[in-house]
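Each chain is listed here by its residues.
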Amino acid sequence: MSDPEEVLQLRASRAEIEGIKKDLETARTQQAELEEKINGLLAKQREARKKRRKAVLAADAAGVPRLRISKEVGMQRSNVYKLLEGDDSDES
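About the cut-offs
- Residues numbered from 1 in each chain as written.
- Predicted model: local features only at pLDDT ≥ 70, side-chain atom pairs only at ≥ 80, totals over all residues.
- Heavy atoms only, no water.
- Helix = DSSP H or I, 4+ residues; strand = E, 2+ residues; numbered from the N terminus.
- Rg over C-alpha atoms; globule rule 2.2 N^0.38 Å.
- pLDDT = per-residue confidence, 0-100.
- UniProt positions renumbered as here; feature names shortened; annotations may be inferred.
- Salt bridge = Lys/Arg side-chain N within 4 Å of Asp/Glu carboxyl O.
- Buried < 20%, exposed > 50% of the residue type's maximum accessible area, 1.4 Å probe, protein only.
- Axes fitted to C-alpha atoms, helices over the stretch in contact; angles between N-to-C directions.
- Parallel < 35°, antiparallel > 145°, perpendicular 65-115°, else oblique.
- Contact = heavy atoms within 4.5 Å.
- Nonpolar A, V, L, I, M, F, W, Y, C, P; charged D, E, K, R; others polar.

For the protein chain, an unreviewed UniProt entry supplies the name Homeodomain-like domain-containing protein and the organism Lentzea flava.

Right under this line is the structure:
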């Protein structure tokens, strides 16, 4: 004697939902790993920007033309000027 159609539908619904839950769990794990990686990269970027700022200030103090400084570090001149004035909020 086989199970009624309704019971088979219940089992199919359960299997579908459990599959979705498993996929969601996997996706959330991947998301957490990506967020951790992003946070690490952002920290590295902050440190690299601090180093770049020191290098720009040293080059300016040594008399390197500001146009050349901006070309060498790959920043817009306006951002280099802001950095030299002490405002590094627009630094990119």
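Here the narrative resumes, following the displayed structure.
K.L.:
Quick one: what's the story with the overall build of the protein chain, residue by residue and with numbers?
P.N.:
When its secondary structure is counted, the protein chain shows three helices and zero strands. Along its sequence from the N terminus, the protein chain presents helices and strands in the succession α-α-α. In summary, the protein chain has a C-alpha radius of gyration of 28 Å against a globular reference of 12 Å for 92 residues, an excess of more than 25%. Based on the C-alpha atoms only, the size of the protein chain along its principal axes is roughly 95 × 20 × 20 Å.

K.L.:
Residue-level account of the confidence of the model for the protein chain, with values.
P.N.:
This prediction gives the protein chain a mean pLDDT of 93; 92% of its residues lie at or above 70. Mean pLDDT in the protein chain bottoms out at helix H3 (residues 77–84), which sits at 92, and peaks at helix H1 (residues 5–61), which reaches 97.

K.L.:
Summarise the UniProt feature "coiled-coil region" (unreviewed entry) in the protein chain; cite the residues concerned and give the values.
P.N.:
Mapped onto the present numbering, the UniProt feature "coiled-coil region" (unreviewed entry) falls at residues 10–51. End-to-end, the C-alpha atoms of residues 10–51 are 61 Å apart, and along that stretch the chain is 100% helix and 0% strand.

K.L.:
So what's going on with the pattern of salt bridges? Which residues, and what values?
P.N.:
Counted under the stated rule, the structure contains five salt bridges. As a salt-bridge pair, Arg-11 and Asp-3 come within 2.7 Å of each other at their nearest N and O atoms. A salt bridge links Glu-47 to Lys-50, with the shortest nitrogen-to-oxygen separation between them at 3.5 Å. A residue pair is termed a helical-turn pair when its members lie 3 or 4 positions apart in one helix, as Glu-47 and Lys-50 do in helix H1 at three residues. Taking the relative accessible area as the measure of exposure, Glu-47 reaches 42% and is therefore partly exposed.

K.L.:
Please set out the packing of H1 against H3 residue by residue, giving values where relevant.
P.N.:
In helix packing, the relevant descriptors are the interaxial angle and the interaxial distance, both defined with respect to the helix axes. For the pair H1 and H3, the least separation of the axes is 10 Å and the interaxial angle reads 85°. It follows that H1 is roughly perpendicular to H3 by the angle criterion. Facing H1, whose interface residues are Arg-53, Val-56, Leu-57 and Asp-60, H3 presents Val-80, Leu-83 and Leu-84. Class assignment for the residues of the contact of H1 with H3 results in five nonpolar, no polar and two charged.

K.L.:
Tell me about the packing of helix H2 (residues 66–73) against H3, residues and numbers included.
P.N.:
It is at 9 Å that the axes of H2 and H3 come closest, and there the two elements cross at 105°. In terms of their interaxial angle, H2 and H3 are classed as roughly perpendicular. Counted together, Arg-66, Leu-67, Ile-69, Ser-70 and Val-73 of H2 and Arg-77, Val-80, Tyr-81 and Leu-84 of H3 form the full contact between these two elements. A per-class count over the contact of H2 with H3 returns six nonpolar, one polar and two charged.

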